[in-house]
Amino acid sequence: MRIRADVDKLEAFYEPSEIWVGKQAAAGAQVRMPSVRGDKVLWMCGFHPDPSVWTNVDGSSRNDDYTQDTGSSERALEPCSRQVRETLSSGGASKVSKQWQHRSIRELLAKMDRLVLGMLRSRVSRLSNLGHRSDSMLAVYPGDNTRFQKHIDNTAGDGRRLTCLC
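The model shown is predicted, which means the values in this text are computed figures rather than measured ones.

### Considering the nonpolar core
(1) Moving on: By size, the foremost hydrophobic cluster in this structure holds 14 residues, and its most contacted members are Leu10, Tyr14, Met44, Leu77, Ile105, Leu109 and Leu138.
(2) Moving on: Of all the secondary-structure elements, those providing two or more residues to this core are helix H1 (2-10), strand S4 (40-46), helix H2 (82-90), helix H3 (103-123) and strand S6 (136-140).
(3) Moving on: Here the element with the most residues in this core is H3; it accounts for 3 residues.
(4) Moving on: Excluding its chain neighbours within four sequence positions, the residues that come into contact with Leu109 are Phe47, Leu77, Arg133 and Ser136.

### Observations regarding the pattern of salt bridges
(1) Moving on: The final tally for this structure, using the stated rule, is 5 salt bridges.
(2) Moving on: Residue Lys9 pairs with Asp6 through a salt bridge whose shortest N-O separation is 3.8 Å. Within this pair, Lys9 and its partner Asp6 are both found in helix H1, separated by 3 residues, close to a single helical turn.
(3) Moving on: The salt bridge involving Asp113 is made with Arg133; its shortest N-O contact spans 2.8 Å. Taken together, the residues Asp113 in helix H3 and Arg133 in the loop between H3 and S6 connect sequence positions 20 residues apart.

### Here's the deal with the state of the cysteines
(1) Moving on: According to the stated counting rule, one finds 1 disulfide in the structure shown.
(2) Moving on: The residue that forms a disulfide with Cys45 is Cys80, at a sulfur-sulfur distance of 2.0 Å. The sign of the S-S torsion, about 105°, decides the handedness of the disulfide formed by Cys45 and Cys80: right-handed. Here Cys80 lies in the loop between strand S5 (77-79) and H2 and Cys45 lies in strand S4, a separation of 35 residues in the sequence.

### So, the pairing of S6
(1) Moving on: Residue alternation in S6 divides its side chains into a buried set, Ser136, Leu138 and Val140, and an unburied set, Met137 and Ala139.
(2) Moving on: With 5 bridges joining them, S4 and S6 adopt antiparallel strand pairing. Note on S6: the bridge partner recorded for Lys40 is Val140.

Cut-offs and rules
Residues numbered from 1 in each chain as written. Predicted model: local features only at pLDDT ≥ 70, side-chain atom pairs only at ≥ 80, totals over all residues. Heavy atoms only, no water. Core = buried A, V, L, I, M, F, W, Y, C linked by side-chain atoms within 4.5 Å. Buried < 20%, exposed > 50% of the residue type's maximum accessible area, 1.4 Å probe, protein only. Helix = DSSP H or I, 4+ residues; strand = E, 2+ residues; numbered from the N terminus. Contact = heavy atoms within 4.5 Å. Salt bridge = Lys/Arg side-chain N within 4 Å of Asp/Glu carboxyl O. Disulfide = S-S within 2.5 Å. Pairing = 2+ DSSP bridges.

So, in structure tokens, the structure goes:
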């Protein structure tokens, strides 16, 4: 229940999800298609197992949203969106150490990292070369027949191997 409370605190900042339309990662477009994907999402950066990593978005597609704030700890877990971070900070969230914000989500990520990187990587051959996880995507399904739909995220062959749903 603590995780749900943390997720609910951020729900005002979720945006309708988009799907990638295109055959290659470099050629296509992000489009909203509620009939295909009706969830709302919020990307979270930071708190990666490697403390030097704040986001896994590469330099070619990184924009101001994926730039870490000066003085922010890599161990913090924060929305990737600069606008969301600024809104949260202006509402008093900056008075609480960013490292302790979203504590239950951080605890869940740490457990998933231990499971996947610590245990499964050595036991599942498809995960043996796994070096890290991506930024975390929080998703909510707001009703009106929205639900998780089985799909393939890795049509571009970019190395993604595993999705964890909670």
